[in-house]
Amino acid sequence: MPSLKPRTQERYRTTFRQLAATFGDLYLDEISRGLLANYVTARLKAGVTGATVRRDLATLSCLCSCSVSWDFIDTNPVKQFSKRHIKESPPRTTYPTGEQVDRLVANASPMAGRIIRFLAETGMRQEEVCSLEWSQVSIHRREVRLTKTKTSAPRVVPLSRDALGTILGTARHSKSPYVFWHDEGTRYTTFANSFSIIAKKACVPFRCHDLRHRFASTFIQATGDIPALQAILGHKTIAMTMRYAHMVTSHLHRAMESLGTKSGTTGTVFGESVVEASFVGRKNTMKSICTGGEGGIRTHGTRKGTTVFETVPIDRSGTSPIQRPPPYTYGSPTLQRRNPPPPPRPIPLTPRPRAL
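Keep in mind that this is a model prediction, so the values were computed, not measured.

Rules used in this analysis
Residues numbered from 1 in each chain as written. Predicted model: local features only at pLDDT ≥ 70, side-chain atom pairs only at ≥ 80, totals over all residues. Heavy atoms only, no water. Helix = DSSP H or I, 4+ residues; strand = E, 2+ residues; numbered from the N terminus. Contact = heavy atoms within 4.5 Å. Polar contact = N/O pair within 3.5 Å; in protein donor to acceptor, adjacent residues only side chain to side chain. Expected span 1.5 Å × (residues − 1). Buried < 20%, exposed > 50% of the residue type's maximum accessible area, 1.4 Å probe, protein only. Arc of directions from axis to C-beta. 1 Å grid on protein atoms, 1.4 Å probe; cavity = no way out; pocket = protein on both sides within 12 Å on 5 of 7 lines; lining within 4 Å. Points joined across faces, edges and corners; volume = space filled by probe spheres on them.

Caption draft 1: Region of the structure containing the environment of Ser 131. Within the fold, Ser 131 resides in the loop between α6 (126-130) and β1 (137-138). Separated by 49 residues in the primary sequence, Ser 131 and Phe 180 have C-alpha atoms spaced 8.1 Å apart. If we skip the residues at most four places from it in the chain, Ser 131 touches Gln 136, Tyr 178 and Arg 187. Among the polar contacts made by the side chain of Ser 131, one reaches the main-chain carbonyl oxygen of Glu 127 at a distance of 2.7 Å.

Caption draft 2: How the structure looks around helix α8 (residues 191-202). Taking 1.5 Å as the rise per residue, α8 with twelve residues should run 16 Å; its terminal C-alpha atoms sit 16 Å apart, in good agreement. Within the sequence span of α8, burial applies to Phe 191, Phe 195, Ile 198, Ala 199 and Ala 202. Here the buried residues of α8 occupy an arc of 100 degrees about the axis, which is enough to place them on one side. Across α8 from its buried face, at more than 90 degrees, point the exposed residues Asn 193, Ile 197, Lys 200 and Lys 201. At its buried positions, α8 is contacted by α4 (98-106), α5 (110-122), α6 and α9 (210-223). Remark: Cys 203 follows α8 within two positions and exhibits a positive phi of approximately 60 degrees.

Caption draft 3: Broad picture of empty space enclosed by the protein. Across all of its chains, the model carries two cavities of 30 Å³ or more by this definition. Here the second largest cavity is characterised by a volume of approximately 40 Å³. Lining the second largest cavity are Leu 119, Met 124, Arg 125, Gln 126, Cys 208, His 209 and Arg 212.

Shown next as structure tokens:
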């Protein structure tokens, strides 16, 4: 494990100690799905979370995969074991509020308070902030360039106005390269323990990592930009960032606003006038909510999967759009115009004589 990070090595050692109690006296080919099921049941009964059990199985699976590649065993028994019943914890719906962050800062030392404020404003991980050096900070570009990250992939974190103010207000140590320091310029190593003491003093029931959840939740609610949040947080996959997608509720409010609004009337969604239009197709009934700028859009029907729209101007002085008869009627499967245009003139078959 020399190529692994120190914290990853410590995590593997802790997991191997747990696995050794059950599988330590067995050969690799003696590990069966039944033994794995017994291990999972015992761990869950002991009060261990599903996420921890999944990490244990992932470590054992990594060991078995190496054994397969070295021809010690034929198959990986952990991959054949179903983990559907090992439930992950539900996504977080609560996070520290702005008032709670202020209380944390008020009960911390000046430098620890700056770390808490910076964590809440950037969403960076604790280790990324504690190891941040001045050479990584660009005041002109208002960003921080991280080179040592959890995923080993460098990334750039833009700074908000409050985050930039925290950086500018932090005093530099004459001999230390770190942005946040204590004593004689020493960097913080175990800030999570200090945060626990500060949170207990401030009566805030959250962990240090919850400041990262706070940033992600407020960012996604304000912007709804999941790819941008993925880049800022440094997630390898979009699935990690999608844990915060449940915070985006604007589409739910729009759907709830449409409830009880009659067809052809105007509703209000977040201060915007909208026109609700409904139509009946051949096999189903659909509804359309369209934002009204200078006018709305009314849907009249479909023909072979193509939707027919009509622009409906909105009467700003009233509460309903200006009434206008639809351009099509639907008495038959084919669309008929209410006022059909005159037939085209027939084209003569014989050419006209040229004028002399």
